[in-house]
Amino acid sequence: MRFNPEKLSIPDQRMQPFIDPEEIWNLINTTKPDKLRVRDVIAKSLDKQRLTMEETAVLVNAVGTGLADEIKQGARELKQRVYGNRIVLFAPLYVGNRCINNCKYCGFRTSNEKAIRKTLTDNELIEEVVALEENGQKRLILVYGEHPDYSPEFIAHSVKLVYGVKKGNGEIRRVNINAAPLDIEGFRTVKESGIGTYQVFQETYHPEAYKWYHLGGKKKDYDWRLTSLDRAQEAGIDDVGIGALFGLYDWRFEVMGLVRHTNHLEACYNVGPHTISFPRIKDAVDLNPDKKYETADDDFKKLVAILRLAVPYTGLILTAREAPEIRKEVLQYGVSQIDGGTKLEIGSYADSKSEEQNLNREQFRISDARTLAEVIDELLSDDYLPSFCTSCYRMGRTGEHFMEFSVPGFIKRFCTPNAILTLAEYICDYGQGVTVEKGWLAIEKNLASMEPDIAAVTREKIGRIKTGERDLYF
Ligand code: SAM
Ligand code: SF4
């Protein structure tokens, strides 16, 4: 159901800027959290109600290890209660790094003369996808700089090309996009190619800070970027991903900005963002970030837990920008998707000569260079259920995280069985060494805790996977 301002007799906020820095700072500066209030807010979230801006400010302001631990414990509990132990896996695929913008923090910025510019040809793109499929990937996010070469038609073309690459049992079943904001027509063109989520990160929600970091090109227009996902919604893309680049400005402001953005999309389109990303700045060529806003590990861990509690039904994405130890800890606080086997250098999935990371070819340096197999192995050891599920999007169940959260039994009926089926496929086609045994044990353990009738149907499908059938889902 679309927003209808006349029916509700409230002003139409669609495609209107919605961030009021003064309002956000007032909330941060005036909300004084005491222990009881923090506990009330956590309890509200555990009761599956999403938090207001003011309640989010209570958590943001809760200082001292005791309170931070309670917030993290709350997030851990909410994750278990609502989502269980599934972790969805994906890989980023950089298609081209040409860029007209001059974002101070990014290796692809136009003023970086050291950057080796490259756009994958169709054949190179196909080779990359084959290499990713051979590792067992099923979900990709295609990443592009902002450049006239990367028109909506070009993006749509690359999406279709990716879907068409099938090697053995390998195929990509969901292609998400991280690219520049488009106009409504442009978003429509990209939607028609069959994308999953369209991500645009605001980088910083603070308009002055935004101006300071974005020196040239179209990206310097804060409002154009802020309203980009409204235009995506208008074009019919109801799976959108928001994000902030932590380290550009005060992390507390960015958390409030992300929650405000969520409110805005919910109020206008009846569906919040599908995912929230919270990258921290990593080293890039000639990067001299202002250390003033560097987000310390402890603040980072706390902010992930706060986001989990504030928007309980939105997917949280944690990338290989973070080191394995941080990933391992933060996963507990409600992250639902991670990348595995990530390589950022353009063309490097197929061309493994370039094992050495070369900053001149990369947007930034990652901190988790483990293979997908290694990431899966650790997830299994830590009692998670790795998932490559793409079912909801292909069944037209978009806004899936809302459903997971609000439809009773949804996770039991759909998500867990689908995670099991995609893990079974992974083990059969790509599993190696001890991971195979660990994988089947994890499947058995999860089947044992399912309702018998659902477990029986899932077992029957696993049997079919073992005899060669693929892509079975609920
Ligand atoms: N060019 C498009 C844009 O700017 O939206 C999309 C792709 S950009 C390559 C993807 C994201 O990478 C950016 O939105 C930004 O948040 C992040 N990023 C840029 N520089 C980074 C750095 N040095 N460390 C970590 N993340 C960075
Ligand atoms: Fe270009 Fe995006 Fe990098 Fe900015 S963040 S320089 S827009 S690739």
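Residues numbered from 1 in each chain as written. Chains lettered and ligands numbered in written order. Predicted model: local features only at pLDDT ≥ 70, side-chain atom pairs only at ≥ 80, totals over all residues. Heavy atoms only, no water.

1. So, the nonpolar core
One recurring pattern in soluble globular proteins: nonpolar side chains tend to sit buried together.
Phase 1: Counting 148 residues, the largest nonpolar core has Ile177, Tyr198 and Phe278 as the members making the most contacts within it.
Phase 2: Looking at which element gives the most residues to this core, the answer is helix α18 (residues 410-430), with 12 residues.
Phase 3: Setting aside residues no more than four positions away along its own chain, Phe278 makes contact with Ala244, Phe246, Phe300, Leu303, Val304, Leu307, Leu316, Ile317, Leu318 and Val335. (Core = buried A, V, L, I, M, F, W, Y, C linked by side-chain atoms within 4.5 Å. Buried < 20%, exposed > 50% of the residue type's maximum accessible area, 1.4 Å probe, protein only. Helix = DSSP H or I, 4+ residues; strand = E, 2+ residues; numbered from the N terminus. Contact = heavy atoms within 4.5 Å.)

2. With respect to the domain arrangement of the chain
Phase 1: Split into domains, the chain comes out as domain 1 (23-79), domain 2 (85-392) and domain 3 (410-466).
Phase 2: With 26 residues of domain 1 in contact, the opposing surface of domain 2 contributes 32 residues.
Phase 3: Carbon and sulfur atoms supply 70% of the area that domain 1 and domain 2 bury against each other, a total of about 2400 Å² over both sides.
Phase 4: Linking domain 1 to domain 2 there are one salt bridge.
Phase 5: Linking Arg50 and Glu266 is a salt bridge whose minimum nitrogen-to-oxygen distance equals 2.7 Å.
Phase 6: Of all the elements in the fold, those that place two or more residues in the side of domain 1 that touches domain 2 are α2 (21-30), α3 (35-46), α4 (53-60) and α5 (65-83). (Domains from an automatic or database assignment. Buried area = accessible area lost by both parts, 1.4 Å probe. Salt bridge = Lys/Arg side-chain N within 4 Å of Asp/Glu carboxyl O.)

3. A word on the side chain of Gln202
Phase 1: Its location among the elements puts Gln202 in the loop between β6 (198-199) and α9 (207-213).
Phase 2: Given a relative accessible area of 2%, Gln202 falls into the buried group.
Phase 3: For Gln202, the side chain forms a polar contact with the main-chain nitrogen of Leu226, separated by 3.2 Å.
Phase 4: Dropping the residues within four chain positions of it, Gln202 is found in contact with Tyr210, Tyr222, Arg225, Leu226 and Gly243. (Polar contact = N/O pair within 3.5 Å; in protein donor to acceptor, adjacent residues only side chain to side chain.)

4. Considerations on the site of ligand 1
Phase 1: Neighbouring ligand 1 are 19 residues, the closest being Tyr105, Glu203, Lys219, Arg225 and Gln363.
Phase 2: Glu203 places a polar side-chain atom, nitrogen or oxygen, 2.5 Å from an oxygen atom of ligand 1.
Phase 3: Measuring from an oxygen atom of ligand 1, one finds a side-chain N or O atom of Lys219 at 2.8 Å.
Phase 4: Summarising the interface, the protein chains cover 96% of the accessible area of ligand 1, which totals 560 Å² for the free molecule. (Near = heavy atom within 4 Å. Areas by Shrake-Rupley, 256 points an atom, 1.4 Å probe, with all protein chains shown as cover.)

5. As for the site of ligand 2
Phase 1: Residues in contact with ligand 2, as listed here, are Cys99, Asn101, Cys103, Cys106, Phe108, Arg109, Gly145 and Lys219.
Phase 2: Of the residues that constitute the shell around ligand 2, the class distribution is four nonpolar, two polar and two charged. (Nonpolar A, V, L, I, M, F, W, Y, C, P; charged D, E, K, R; others polar.)

6. Looking at the pattern of salt bridges
Phase 1: With the rule as written, the count across this model stands at 35 salt bridges.
Phase 2: Residue Arg173 is joined to Glu425 by a salt bridge in which the shortest nitrogen-to-oxygen separation is 3.1 Å. Placement of Arg173 in the loop between β4 (170-171) and β5 (174-178) and of Glu425 in helix α18 is noted, with a sequence separation of 252 residues between them.
Phase 3: Take Arg173: its relative accessible area is 5%, and that puts it in the buried class.
Phase 4: Overall, the relative accessible area of 4% leaves Glu425 in the buried class.
Phase 5: One salt bridge connects Asp383 with Lys445, and the closest N-O pair in it is separated by 3.0 Å. You can see Asp383 sitting in the loop between α15 (372-381) and β11 (385-387) and its partner Lys445 sitting in helix α19 (residues 434-448), a full 62 residues away along the chain.
Phase 6: The structure contains a network of salt bridges with shared partners spanning Lys166, Glu171, Arg173, Arg394, Glu425 and Asp471.

7. Considering the environment of Lys302
Phase 1: Here Lys302 is to be found in helix α13 (residues 297-310).
Phase 2: Taking the C-alpha atoms as reference points, Lys302 and Ala68, separated by 234 residues in sequence, lie 6.4 Å from one another.
Phase 3: Once residues lying within four places of it in the same chain are set aside, the contact partners of Lys302 are Leu59, Val60, Ala62, Val63, Ala68, Ile71 and Trp251.
Phase 4: A polar side-chain atom of Lys302 sits 3.4 Å from the main-chain carbonyl oxygen of Val60.
Phase 5: Among the polar contacts made by the side chain of Lys302, one reaches the main-chain carbonyl oxygen of Ala62 at a distance of 2.6 Å.

8. Some remarks on α5
Phase 1: Here α5 is 19 residues long and its end C-alpha atoms lie 26 Å apart, about the 27 Å a rise of 1.5 Å per residue gives.
Phase 2: Every buried residue belonging to α5 is among Leu67, Ala68, Ile71, Lys72, Gly74, Ala75, Leu78, Lys79, Val82 and Tyr83, and all of these are buried. Angular distribution of buried residues about the axis of α5 spans 155°; they occupy a single face of the element. Exposed residues lying more than 90 degrees from the buried face of α5 are Thr65 and Arg81.
Phase 3: Immediately beyond the C-terminal end of α5, within one or two residues, lies Gly84, with a positive phi of roughly 75°. (Expected span 1.5 Å × (residues − 1). Arc of directions from axis to C-beta.)

9. Re the packing of α19 against helix α20 (residues 452-466)
Phase 1: Contact pair α19 / α20: the axes reach a minimum separation of 10 Å and the direction vectors enclose 155°. Classed by the angle they form, the pair α19 and α20 counts as roughly antiparallel. For the pair formed by α19 and α20, the contact residues are Trp440, Ile443, Glu444 and Leu447 on the first element and Ala455, Thr458, Arg459, Ile462 and Lys466 on the second.
Phase 2: Considered class by class, the residues forming the contact of α19 with α20 number five nonpolar, one polar and three charged. (Axes fitted to C-alpha atoms, helices over the stretch in contact; angles between N-to-C directions. Parallel < 35°, antiparallel > 145°, perpendicular 65-115°, else oblique.)

10. Points about the packing of aromatic side chains
Phase 1: If you walk through the whole model with that rule in mind, you get 16 aromatic pairs.
Phase 2: Look at Tyr249 and Tyr293: their rings are 5.1 Å apart centre to centre, the planes differ by 50°, and that puts the pair in the tilted class. Of this pair, Tyr249 sits in the loop between β7 (240-243) and α12 (251-269) while Tyr293 is found in the loop between β8 (275-277) and α13, placing the two residues 44 residues apart along the sequence.
Phase 3: An aromatic cluster is built from Trp25, Tyr249, Phe253 and Tyr293, whose rings are joined through pairwise contacts.
Phase 4: The positively charged end of Arg397 is found above the aromatic ring belonging to Phe414, 4.2 Å away from the centroid.
Phase 5: A cation over an aromatic ring shows up here: Lys461 above the ring of Phe474, its NZ or CZ 5.0 Å from the ring centre. (Phe/Tyr/Trp six-rings, centres within 6.5 Å; stacked < 30°, edge-to-face > 60°. Lys NZ or Arg CZ within 6 Å of the ring centre and 35° of its normal.)

11. Focus on helix α8 (residues 184-192)
Phase 1: Turning to α8, its buried residues are Gly186, Phe187 and Val190. Viewed end-on, α8 has its buried residues packed into an arc of 100°, placing them on one side of the element.
Phase 2: Its buried side turned inward, α8 meets α7 (152-164), β5, β6 and α11 (228-234).
Phase 3: Just past α8, the residue Gly194 takes up positive phi, approximately 90°.

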